[in-house]
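One letter stands for each residue in the lines below.
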Amino acid sequence: MKALVLAGGSGTRLRPFSYSMPKQLIPIANTPVLEYVLRNILDLGVSEVGVIVGDRAQEIQEALGDGSRFGARLTYLRQEAPLGLAHTVAVARDFLGDDDFVMYLGDNMLPEGIAAIAEEFAAHRPAAHVVVYKVPDPRAFGVAELGPGGEVRRLVEKPQRPVSDLALMGVYFFTAAIHEAVRSIEPSARGELEITDAIQWLVSAGADVRAGRYEGYWKDTGNVEDVLECNRYVLDSLRPAVHGAVDDASVLVGPVVVEEGARVVRSRIEGPVIIGAGTVVEDSHIGPHTSIGRACAVTGSRLEYSIALDGASVTGVQGLRSSVIGRSASVGTSGQSTDRYRLVVGDHTRVEVAA
């Protein structure tokens with residue numbers, strides 16, 4: 001089996017961060033989403049991975065390299081324009097050959113992995129095996145209507161009147177049968193080759209198409225709120241580890257990770273919290289569910305349920321909550337702020353809040 005990871009999307013819902021970084025590289029607990037994706041794929045015993053890239057190809061390649069540090073062999077495949085998920089299968093045709101493969105959207109977080117679904121696919125080996133998740137409002141998704149045995153009867157892309165509440169969640173298992181389906185469909189009204197149309201073609205042709213219901217945690221990290229909530233979930237399983245320096249005037253409560261080269265000075269850290277390598281936290285209070293990236297500086301501040309990306313600095317702000325501070329961004333005050341703030345600050349941006 002091979003894998004096809006889709007990392008070419010523009011991430012309009014994750015602006016301002018997607019202006020300056022691929023959305024698939026947004027960090028969750030200081031690790032890019034794409035690394036979680038690769039770990040889940042490797043857990044299946046799959047090491048041959050094709051990565052679909054677009055305009056941000058260089059940044060994706062710099063982050064992942066050739067895959068050897070993960071134990072994978074990565075092949076980068078360029079999609080010149082966002083022409084649909086089924087189009088990526090056509091782009092990857094030579095790489096995939098006639099092998100079975102798992103297709104995985106690169107902004108999906110599934111911390112519990114997909115091994116159980118992979119076992120279902122291997123046991124029955126249908127032409128296609130889609131992964132579905134029960135959602136409260138399926139109108140923003142591709143939706144599956146299933147028969148009593150889990151067979152797919154019909155798929156509809158973003159229906160105004162959904163036939164069920166089972167959404168396609170961006171993980172698919174295919175045999176080589178999908179290639180004929182992709183060749184046989186036409187672009188949708190939005191000008192894209194839809195993977196739902198290709199799978200529906202298989203259903204209509206009488207092929208065996210099944211669905212597996214995912215019961216674990218799933219988050220599409222497509223907007224800031226989902227990124228923060230996913231960060232909270234992952235941090236809840238954090239194990240404490242102090243590799244940096246914590247002075248005697250500081251207090252660590254609960255699961256806290258202080259990475260090598262980080263320093264905590266006269267501060268209180270209430271976990272789960274992760275503090276990245278080379279970061280300095282001084283005279284500050286870091287509350288639960290906070291990730292601070294590498295080479296950051298937090299001085300005289302209080303923040304919780306937040307994410308600071310690499311190189312960010314926060315000075316004199318006592319009430320940051322539910323905030324995301326971009327790479328090398330700076331948040332400060334003209335004095336000592338005691339108000340509460342929720343900020344979303346893009347990369348390399350300077351923000352000064354009222355004192």
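Because the structure is a prediction, the values reported are computed rather than measured.

Cut-offs and rules
- Residues numbered from 1 in each chain as written.
- Predicted model: local features only at pLDDT ≥ 70, side-chain atom pairs only at ≥ 80, totals over all residues.
- Heavy atoms only, no water.
- Helix = DSSP H or I, 4+ residues; strand = E, 2+ residues; numbered from the N terminus.
- Rg over C-alpha atoms; globule rule 2.2 N^0.38 Å.
- Contact = heavy atoms within 4.5 Å.
- Areas by Shrake-Rupley, 256 points an atom, 1.4 Å probe, with all protein chains shown as cover.
- Lys, Arg positive; Asp, Glu negative; His and termini not counted.
- Charge placed at Lys NZ, Arg CZ, Asp CG, Glu CD.
- Polar contact = N/O pair within 3.5 Å; in protein donor to acceptor, adjacent residues only side chain to side chain.
- Expected span 1.5 Å × (residues − 1).
- Buried < 20%, exposed > 50% of the residue type's maximum accessible area, 1.4 Å probe, protein only.
- Salt bridge = Lys/Arg side-chain N within 4 Å of Asp/Glu carboxyl O.
- Pairing = 2+ DSSP bridges.
- Disulfide = S-S within 2.5 Å.
- Phe/Tyr/Trp six-rings, centres within 6.5 Å; stacked < 30°, edge-to-face > 60°.
- Lys NZ or Arg CZ within 6 Å of the ring centre and 35° of its normal.

Below, the discussion takes up the overall build of the protein. Helix and strand content of the protein: 9 helices and 32 strands. The C-alpha radius of gyration of the protein comes to 22 Å, within 12% of the 20 Å expected for a compact globule of 355 residues. Taking the principal axes of its C-alpha atoms as reference, the protein extends roughly 70 × 40 × 40 Å. Considering only contacts within the protein whose residues lie at least 6 apart along the sequence, 49% involve residues at least 24 apart. Accessible area for the protein stands at about 15100 Å²; split by element, carbon and sulfur atoms hold 47% of it. The average position of the 34 basic charges and that of the 45 acidic charges among the side chains of the protein differ by 3 Å.

Right, let's talk about the side chain of Ser-188 for a bit. Among the secondary structure elements, Ser-188 is positioned in the loop between α7 (177-184) and α8 (195-204). Of note is the side chain of Ser-188, whose polar atom sits 2.8 Å from the side chain of Glu-194. Ser-188 has contacts with Glu-194 and Asp-197, leaving out every residue within four places of it along the chain.

With that out of the way, let us pick up helix α9 (residues 224-235). In this model α9 runs 16 Å from its N-terminal to its C-terminal C-alpha over 12 residues, within 8% of the 16 Å that 1.5 Å per residue would give. Buried within α9 are the following residues: Val-224, Asp-226, Val-227, Leu-228, Cys-230, Asn-231, Val-234 and Leu-235. At the N-terminal boundary of α9, the capping side chain belongs to Asn-223, with an oxygen 3.2 Å from the backbone nitrogen of Glu-225.

Attention now goes to the pattern of salt bridges. What the rule picks out here adds up to 25 salt bridges. Of the charged contacts in the structure, one is a salt bridge between Glu-35 and Arg-39, with a shortest N-O distance of 4.0 Å. In this pair, Glu-35 and Arg-39 both sit in helix α2 (residues 33-42), 4 residues apart, roughly one turn of the helix. Judged by its relative accessible area of 12%, Glu-35 is buried. Taking relative accessible area as the criterion, Arg-39 reaches 41% and is therefore assigned partly exposed.

With parallel pairing, 7 strands are arranged side by side in an open sheet as β14-β17-β20-β23-β26-β29-β31. Of all strands in the sheet, those bounded by a partner on one side alone are β14 (241-242) and β31 (344-345). Here strand β29 (residues 324-325) pairs with β31 via 2 bridges, running parallel. Paired with Val-324 across the bridge in β31 is Val-344.

Let's shift gears to the sheet that holds strand β19 (residues 268-270). Think of a sheet as strands paired side by side through backbone hydrogen bonds, with each pair either parallel or antiparallel. Read across the open sheet, the 5 strands follow the order β16-β19-β22-β25-β28; overall the sheet is parallel. Where the open sheet ends on each side, the last strands, each with one partner, are β16 (251-253) and β28 (320-321). Two elements, β16 and β19, share 3 bridges in a ladder whose sense is parallel. If you follow Val-251 over to β19, its bridge partner there is Arg-268.

Time to look at the state of the cysteines. For the coordinates displayed, the defined rule picks out 0 disulfides. With no disulfide of its own, Cys-230 lies 19 Å from the sulfur of Cys-296, the closest cysteine sulfur. Here Cys-230 falls in the buried class, since its relative accessible area comes to 0%. With relative accessibility at 4%, the residue Cys-296 sits in the buried group.

To continue, consider the packing of aromatic side chains. Taken as a whole, this structure holds 6 aromatic pairs when the rule is applied. For the ring pair Tyr-133 and Trp-218, a centre distance of 5.2 Å and an interplane angle of 65° mean the geometry is edge-to-face. Of this pair, Tyr-133 sits in strand β8 (residues 128-134) while Trp-218 sits in the loop between β12 (209-213) and β13 (219-220), placing them 85 residues apart in sequence. Judged by its relative accessible area of 23%, Tyr-133 falls in the partly exposed class. A residue is classified by how much of its surface remains accessible, and Trp-218, at 10% relative accessible area, is buried. Feature note: the residues Phe-101, Tyr-172 and Phe-174 constitute an aromatic cluster, connected by ring pairs. The ring of Phe-95 has Lys-2 sitting right over it, with the charged end atom 5.0 Å from the ring centre.

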